[in-house]
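The lines below spell out each chain.
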Amino acid sequence: MENTINTQVRANSEPQPSGNSELLLQLKDVSVSYSPEKKAVLNVSADIYSNTVTAIMGPSGCGKSTLLRAINRMHELYPNIKTEGEILLKGENVLDMNPMKVRRMAGMVFQRPNPFPTMSIYDNVLAGYSLNNIKLNKQEKDEIVETTLRGVALWDEVKDSMTKKGSFLSGGQQQRLCIARALALKPELLLMDEPTSALDPISTNRIEELILDLKQQYTIVIVTHNMSQAARISDNSMFMYLGELVEYDSTKKMFTKPKEKRTEDYLTGAFG
Amino acid sequence: MSSTLQYRRAKDKVFLCVVCILSSLTMIPLFLILWELLKKGYKQINLSLFTEVAPSSMDAMLARISNEPIPGGILNGLSGTILMLAMAIVMSIPVGILSGIYLAEHKDSKFSSVVRSLTDLLQGVPSIVVGVVVYAWVVRPMHSYSAFAGSVSLAIMMLPMIIRSTEESMKMVPGTLKEAGLALGASYSTIILRILLPAAFGGLFTGSLLAICRVMGETAPLLLTALGASAVNLNVTEPTSAIPLLIWEFYNDPNLANLVWTTSLLLLVFVLVINIIAKNIAKKWKIQ
Amino acid sequence: MKDKLFKYLLFGASCLILLLSGGIIYALVSSSFEVFSHFGFFNFIQSTEWDSQHEKFGALPFISGTVLTSVLALLFCIPFAFSIALFNGEYFKGTKVAAVVSSVVDLLAGIPSIVFGLWGFYVLRPFMVDLGINAQGFGVLLSSIVLAIMIIPYASSLSTEFISVVPNELKEAAYSLGATNLEVIRTVSIPFAGSGIFASFILALGRALGETMAVTMLIGNTNNIPKNLADTGNTMASIIANQFGEASGLKLSSLIAMGLLLFVLTAIINLIAKYIMKLVNK
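Here is a short report on the structure shown in this document. (Residues numbered from 1 in each chain as written. Chains lettered and ligands numbered in written order. Predicted model: local features only at pLDDT ≥ 70, side-chain atom pairs only at ≥ 80, totals over all residues. Heavy atoms only, no water.)

Some details on the overall build of chain C
Looking only at helices and strands, chain C has eleven helices and two strands in total. Going residue by residue from the N terminus, the α and β elements of chain C occur as α-α-β-β-α-α-α-α-α-α-α-α-α. Once the C-alpha set of chain C is aligned to its principal axes, its extents read approximately 70 × 70 × 30 Å. Within chain C, the proportion of its 282 residues that are buried is 55%. At a minimum sequence separation of 6, the contacts of chain C that also span at least 24 residues come to 69%. For chain C, the exposed area adds up to about 12,000 Å²; of that, 66% sits on carbon and sulfur atoms. For chain C, the separation between the mean place of its 15 positive charges and that of its 15 negative charges on side chains is 10 Å. (Helix = DSSP H or I, 4+ residues; strand = E, 2+ residues; numbered from the N terminus. Buried < 20%, exposed > 50% of the residue type's maximum accessible area, 1.4 Å probe, protein only. Contact = heavy atoms within 4.5 Å. Areas by Shrake-Rupley, 256 points an atom, 1.4 Å probe, with all protein chains shown as cover. Lys, Arg positive; Asp, Glu negative; His and termini not counted. Charge placed at Lys NZ, Arg CZ, Asp CG, Glu CD.)

Considerations on the interface of chain B and chain A
Often, the extent of an interface is quoted as the loss of accessible area upon association of its parts. Tallying the contact residues gives 18 residues for chain B and 26 residues for chain A. For the pairing of chain B and chain A, the buried interface totals around 1,800 Å² over both sides, and the portion due to carbon and sulfur atoms is 67%. Summed over the three residues of chain B that lose the most area to chain A, namely Glu179, Leu182 and Leu184 of chain B, the buried surface amounts to 35% of that side. The interface formed by chain B and chain A includes six residue pairs in polar contact (both at pLDDT 80 or more). Contributing elements (two or more residues each) for the side of chain B that touches chain A: α8 (175-183) and α9 (188-216) of chain B. Ranked by residues supplied to the side of chain B that touches chain A, first place goes to α8 of chain B with eight residues. Looking at the side of chain B that touches chain A, its residues break down into ten nonpolar, five polar and three charged. (Buried area = accessible area lost by both parts, 1.4 Å probe. Polar contact = N/O pair within 3.5 Å; in protein donor to acceptor, adjacent residues only side chain to side chain. Nonpolar A, V, L, I, M, F, W, Y, C, P; charged D, E, K, R; others polar.)

Here we look at the packing of α9 of chain B against helix α1 (residues 2-39) of chain C
Where α9 of chain B contacts α1 of chain C, the two axes come as close as 8 Å, and the packing angle between them is 60°. By the angle between their directions, the pair α9 of chain B and α1 of chain C is classed as oblique. Where α9 of chain B abuts α1 of chain C, its residues Tyr188, Ser189, Thr190, Ile192 and Leu193 of chain B lie against Lys2, Asp3, Phe6, Lys7 and Leu10 of chain C. For the contact of α9 of chain B with α1 of chain C, a count of residues per class yields five nonpolar, two polar and three charged. (Axes fitted to C-alpha atoms, helices over the stretch in contact; angles between N-to-C directions. Parallel < 35°, antiparallel > 145°, perpendicular 65-115°, else oblique.)

Re the interface of chain B and chain C
Counting from both sides, the interface comprises 78 residues of chain B and, opposite them, 75 residues of chain C. Buried area between chain B and chain C, summed over both chains or domains, comes out near 6,800 Å², and the portion from carbon and sulfur atoms is 79%. Of all residues in chain B, the largest losses of buried area upon contact with chain C belong to Thr26, Ile33 and Tyr251 of chain B, amounting jointly to 9% of the total for that side. Where Lys274 of chain C meets Asp120 of chain B, a salt bridge forms, and the shortest distance between an N and an O atom there is 3.8 Å. (Salt bridge = Lys/Arg side-chain N within 4 Å of Asp/Glu carboxyl O.)

A word on the layout of surface pockets
Computed from the structure, the second largest pocket encloses a volume of approximately 860 Å³. What lines the second largest pocket is a set of 27 residues, and nearest its centre among them are Leu77 and Tyr78 of chain A together with Glu105, Lys178 and Tyr188 of chain B. The greatest single-element share of the lining of the second largest pocket, amounting to four residues, is contributed by α8 of chain B. Partitioning the lining of the second largest pocket into residue classes produces 13 nonpolar, four polar and ten charged. (1 Å grid on protein atoms, 1.4 Å probe; cavity = no way out; pocket = protein on both sides within 12 Å on 5 of 7 lines; lining within 4 Å. Points joined across faces, edges and corners; volume = space filled by probe spheres on them.)

Topic: the nonpolar core
One finds Leu149 and Ile179 of chain A to be the most contacted residues of the largest nonpolar core, which totals 271 residues. Those residues in contact with Leu149 of chain A that lie beyond four places of it in its chain are Val125, Leu154, Trp155, Val158, Met162, Leu177 and Ala180 of chain A. (Core = buried A, V, L, I, M, F, W, Y, C linked by side-chain atoms within 4.5 Å.)

Quick notes on a positive patch on the surface
Positive charge collects at one region of the surface, where Lys135 and Lys141 of chain A, Arg194 of chain B together with Lys2 of chain C lie side by side. For Lys2 of chain C, the position within the fold is in helix α1. (Patch = residues over 30% accessible without salt bridge, like charges linked within 9 Å, V, L, I, M, F, W, Y side chains within 5 Å.)

Quick look at the pairing of strand β10 (residues 244-250) of chain A
Every other side chain in a regular strand lies on the same face of the sheet, so the side chains alternate between the two faces. The buried fraction of β10 of chain A amounts to five of the seven residues, a majority that puts the element mostly inside the structure. The antiparallel pairing of strand β9 (residues 236-241) of chain A with β10 of chain A creates a hairpin that spans two residues between the two strands, and Leu242 of chain A there sits at a positive phi of about 50°. (Pairing = 2+ DSSP bridges.)

Let's talk about the pattern of salt bridges
Applying the stated criterion across every chain yields a total of 27 salt bridges over all chains. Where Asp249 of chain A meets Lys259 of chain A, a salt bridge forms, and the shortest distance between an N and an O atom there is 2.7 Å. One end of the pair, Asp249 of chain A, is in strand β10; the other, Lys259 of chain A, is in the loop between α10 (251-256) and α11 (261-267), with ten residues separating them in the sequence. A salt bridge links Arg214 of chain B to Glu218 of chain B; the shortest N-O distance between them is 3.8 Å.

Quick word on the environment of Val138 of chain B
All names here are of chain B. Here Val138 is to be found in helix α6 (residues 127-142). Linking Val138 and Ser153, residues 15 residues apart in sequence, is a C-alpha distance of 9.8 Å. Residues within four places of Val138 in sequence aside, it is in contact with Ser146, Phe148 and Ala149.

Remarks on the pairing of strand β8 (residues 219-223) of chain A
Residue and element names in this part refer to chain A. Counting buried positions along β8 yields five of five residues, so the element is predominantly enclosed. On β8, burial covers both faces: Thr219, Val221 and Val223 on one face and Ile220 and Ile222 on the other are all buried. Pairing geometry for strand β3 (residues 53-57) and β8, over four bridges, is parallel. Note that in β8 the partner of Ile56 across the bridge is Val223. Bridge analysis of strand β7 (residues 189-193) against β8 gives five bridges, and the strand direction is parallel. Residue Leu191 lies in a different strand from β8, and its bridge partner there is Val221.

Remarks on the side chain of Asp12 of chain B
Positionally, Asp12 of chain B belongs in helix α1 (residues 2-41). One buried charged residue, Asp12 of chain B, forms no salt bridge at all, with the nearest opposite charge on Arg9 of chain B at 6.6 Å. If we ignore the near neighbours within four places in the chain, the residues touching Asp12 of chain B are Tyr91, Thr180, Asn181 and Leu182 of chain C.

Describing unusual backbone geometry
Positive phi is not limited to glycine here, since Leu242 of chain A has a value of about 50°. One non-glycine residue, Leu227 of chain B, lies in positive phi territory at about 70°. Considering the arrangement of structural elements, one finds Leu227 of chain B in the loop between α10 (220-225) and α11 (243-252).

Describing the environment of Leu68 of chain A
All names here are of chain A. Structurally, Leu68 can be placed in helix α1 (residues 64-71). For Leu68, a relative accessible area of 0% puts it in the buried group. Placed 114 residues apart in sequence, Leu68 and Ala182 show a C-alpha to C-alpha distance of 15 Å. In this structure, Leu68 is in contact with Ile56, Met108, Leu191, Met192, Asp193, Val221 and Val223, ignoring residues within four places of it in sequence.

Digging into the packing of aromatic side chains
Summed over all chains, the structure comprises 21 aromatic pairs over all chains. Ring geometry for Tyr102 of chain B against Phe11 of chain C: centres 5.8 Å apart, planes inclined by 55°, an arrangement best described as tilted. Of this pair, Tyr102 of chain B sits in helix α4 (residues 75-105) while Phe11 of chain C sits in helix α1, placing the two residues on different chains. When its relative accessible area of 8% is taken as the criterion, Tyr102 of chain B is described as buried. Considering the side-chain rings of Tyr135 of chain B and Tyr145 of chain B, the 6.1 Å spacing of their centres and the 45° angle between planes classify their relative orientation as tilted. Here Tyr135 of chain B is found in helix α6, whereas its partner Tyr145 of chain B is found in the loop between α6 and α7 (147-172), with ten residues between them in sequence. As far as the burial class goes, Tyr135 of chain B and Tyr145 of chain B line up, both buried. An aromatic cluster is built from Phe36, Phe39, Phe41, Phe42, Phe44, Trp50, Phe57 and Phe62 of chain C, whose rings are joined through pairwise contacts. Of note, Lys7 of chain C hangs over the ring of Tyr188 of chain B, and the distance from its end group to the ring centre comes to 4.6 Å. Above the face of the Phe121 of chain C ring, Arg125 of chain C is positioned so that its terminal group lies 4.3 Å from the ring centre. (Phe/Tyr/Trp six-rings, centres within 6.5 Å; stacked < 30°, edge-to-face > 60°. Lys NZ or Arg CZ within 6 Å of the ring centre and 35° of its normal.)

Details of a nonpolar patch on the surface
Residue and element names in this part refer to chain B. Residues Ile21, Leu25, Ile28 and Leu32 make up a contiguous nonpolar surface patch of about 330 Å² in total accessible area. Its location among the elements puts Ile21 in helix α1. For Ile21, a relative accessible area of 51% puts it in the exposed group.

This is the structure we're talking about:
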């Protein structure tokens, strides 16, 4: 019953897989509540395919970050937050998995760059391994650091200052370091929570280019309050309002022909 | 009209002068005390101070009569202070850090606020009362004054300071670091021990140094717990001397009065230097 | 699993604080129970007798000595601590001079009590003799002066914090109406920071109550109620420090009971200060 995807009733049309994409993440009736009365996310269902960028948009307080953070079970930091429903990552319900394993499979990048202040740039990239007590030899470490930093286009800028602290970098560089830190563990999914909201336009631009580039290898879900950013980088978009998933479609369709009045109002700036 | 304005401005100036004068007067005792200790204490500073135990009253009197420097040193006090401080550190720092982490991690719980109030209460307990309590806890059941009892009393006084500085510096660590660690799949204990604690280390280290500094010169509780000893003692179940206890001893014995200044000078220099180091660490940490 | 153990460890360490506080109160109360049942609680705190020979012990001389020296010390320290607070928190806030002043005051707080006592004994006491206070110089006045110097740092550092957080907008509003510096302090800063400053002085009083070594060395150690500033006396802390070593039996219990009284007194004072600060922070 639970695994029969087709019987699931959905209010919105959903983007279809294209090319070699496969179903990676399924949200089924996901609700998140801060207290029994207050639900921040209400019965959200959606399928997300691999090698796509999915943007979650909506006015502030609509539950978009809350939904994102439910995927890698970040809410467990706070005992009063409850997550219900099913979140299937590669067919396995993350709510039944070991949370540490989930978080290694789904990397996360935060609003503000947060490299670990006591670790060098080198150690920051490897933090996912060292914090999980995964032993690597020197050669493996060097290799991971170099390929990951090349992957986020940071290698040339920092290759001579590997031993410096992460806080020595500029904001945009720090954020790319944080992306590298998340990617070093080779996650299935990369969750980004408004990753450019604390950055200047030039750094934002570089992160956006990076996201488009990373799509070749990774699946990305990004929360953004910036509609034009969603339009620039995402394949599919979700629009959330008051905890509900109002519309989920390919970005192109949503921005040109939104099905819902509320989506249209939001996209035309009537609220938000 | 202009006269009242002048009067007001004059009053303002006079007040500022008074504030400045009173403030500068407050600085004076520190320098007077330092000067007094230096003036009277420098003569006895020599190597034997650190290699020999405190002289007997008789030896000191003979030296005084023949106008020679008093023989002997403060080795028994120095070794006792180091021994008891070391034990107090071992007892108080781990507990203090763990409980400080607990308070920072459970900011709003009822239990935390009770623990926090009790920590404040403990911080306010007069040192002599700590001595009385440890006498009842340790000295009486063991039927002997001991270095162990002394270190327990020092540990009790250090504990609230360490808890508070741990809590404060843990709270300064941005919450996003914790989330970043969590998002990488690290366990709770790993996040606390490998990410948050190192990030809070500066404040913690300063707090611990200041706590050590404060109890280093404590005399009253040691009088009731460690008592003092004339020889170097490293047995934790035996009475033991300490630098402040030696000062008390020298103060009470006119023959040894000359040594009191040197010993106090040494203690004060220790305390002030550690103080200054601790505060500089705190400053450096803040810039980062 | 490891996480659970770690969480228990954190919780356990915090429980230790409960245990410690309970243990302190238990040790003090159980050891002084004998005294209270023997003399009666109110008799013990009202009696002026302290007679080892006849085993009659009363705490009144020491309670009054403690209160007298501490309150005097507080009065002496107010103008100085307040000036420092204004100097660092208002007039020269954020300047190098203020940084120097506050670190000197901080260092003053680091000086051990016994060193203060020594300095008071050898340097200030002769002054007292010269001034004709009394023949030996010991007494309430000498101890209060030294105590005042010792508690200035505690009073001033906290009050500085309270004064320096007075919002600039409020001060600017007063300045723009043509007020002088002093008038701004009187009409804006002090009303705003007043309760906080009051609380810092109460905390300093709590410090003074429990100070032991310096007072023991300077107060003269006589077991009578001090009648004036020149009189000698004893405080609760100094009588414990002086007589604990040679005491046994009922006398020892009486000294421990004195410790309990001192503990309760400082706890009440600290509680009041903390309560005021809580109100201020709201």
